[in-house]
Amino acid sequence: MTAGRIQLSGSGEPIDVLIPAVDKDLGTLPHTIDSVRRMVRHPIGTIYVVSPDSPRIRAVCARKGCVFVNERLIEPLPKSRIHYRSKRWERSGWIYQQLLKLSGDRLVRRRHFLVMDADTVLIRPHRFRIGGKTVFYFRRWSQPEYFRTYRRLTGRRAKAKVSFVAHYMLFDRHKLFRLKHMIEARHGKPWHRAILDSIDRKRNFGFSEYETYGNMVYGENPSAVKLLPALNQPLRRSASSLTAAAKRRYARKYRSLSFHKRGVYSRGKRRLARKYRSLPIRRQGAHARRKRRR
């Protein structure tokens, strides 16, 4: 596929697609690309895969008809200048990839672009614009620190009673520009530096691009957003091991499957993540308030 060529996989306004990836995603990336083409009910413009200069990822792009983009072309700052780690965990690359997603407006040509995590596969049809509204897929649990960082960045409380971390999201270039401009005006520094400076470095889930953008858009005009449950299921197996029949069985209950590789976490931190995962959004706020009073 050449840049700008439209694949008629749906109706309505064409969208571009941005998939940040690294070599650890190679087992899932081809399936992610295929699922976008099969399950996204919009005309697909260009699919950009943003990655380090990896020959193996370049080969996937050539085989799948995507545009390979060296991440250094759109990075707001070099990965080597991000230091977000402790003795027990390393999250610098995780934050760097989020900054790449928020830099997608420097790359894509169409107003709306879908950001897909490279370890997630869609197994049901998806629409991201319905009746003039943006569709955000949601879950009911999140990390409390995401909302505290959002408030430090924007000066606003998150109004949504759900989480927008669904492993994919449709971005509007105009609204993304407005978010970054708002952050820069409030903090008097580049948006990416404000994000890094707002993170509590003692916590390993310090920021979410999806939670931040989603809450800004929803908070400004909830009536312009349609919320649908994400129904995502993580699996501890390879994407290539799933047969078509297995995908159909999962699709009876779920919209997408994720194949996370989180070896950068210690065992203790994984237990902490599961603890927060079991808490609904509104209870996390109360939990955080009790912690602050202690």
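Counting restarts for each chain, with residues numbered from 1 along the sequence as it is written. Where totals are concerned, whole chains, interfaces and linings use all residues; where local detail is concerned, this predicted model gives features only for residues with pLDDT of at least 70, and gives and counts side-chain atom pairs only at 80 or more. Side-chain metrics in this entry use all non-hydrogen atoms of the structure; hydrogen atoms and water are not considered.

Some remarks on the sheet that holds strand β7 (residues 133-138)
Any two strands between which DSSP finds at least two bridges are classified as paired. Under the scheme used here, helices are H or I runs from DSSP no shorter than 4 residues and strands are E runs no shorter than 2 residues, and both carry numbers assigned from the N terminus. Read across the open sheet, the three strands follow the order β6-β7-β9; overall the sheet is mixed. Edge positions in the sheet fall to β6 (129-130) and β9 (225-229), since each has one partner strand and no second. With five bridges joining them, β7 and β9 adopt parallel strand pairing. The residue of β9 that forms the bridge with F136 is L227.

Structural notes on the pairing of β7
When accessible area is computed with a 1.4 Å probe and restricted to protein chains, residues below 20% of their type maximum are described as buried, those above 50% as exposed, and intermediate ones as partly exposed. In terms of burial, β7 is largely enclosed, as five of its six residues are buried. The sheet contact formed by β6 and β7 spans two bridges and is antiparallel. Looking at the pairing, I130 lines up with K133 of β7.

Details of unusual backbone geometry
Its identity as a non-glycine residue notwithstanding, H167 has a phi of 80°, on the positive side. Positionally, H167 belongs in the loop between α4 (144-154) and β8 (168-172). Classification of H167 by relative accessible area gives buried; the value is 8%. Even without a glycine there, the phi angle at L231 is positive, about 50°. Along the polypeptide, L231 turns up in the loop between β9 and β10 (232-234).

Looking at helix α7 (residues 209-220)
If you check α7, its first and last C-alpha atoms are 17 Å apart, about what 12 residues at 1.5 Å a residue would give, namely 16 Å. For α7, the tally of buried residues reaches 11 of 12 residues, placing the bulk of the element in the interior. For α7, every residue scored as buried is listed here: E209, Y210, E211, T212, Y213, G214, N215, M216, V217, Y218 and G219. A distance of 3.3 Å separates the backbone nitrogen of Y210 from a side-chain oxygen at the start of α7, and that oxygen is part of S208. Each helix should span, by expectation, one fewer than its residue count multiplied by 1.5 Å. Side-chain atoms alone can form a polar contact between residues adjacent in sequence; in general such a contact is a pair of N or O atoms within 3.5 Å, and within protein one must be able to donate a hydrogen while the other accepts it.

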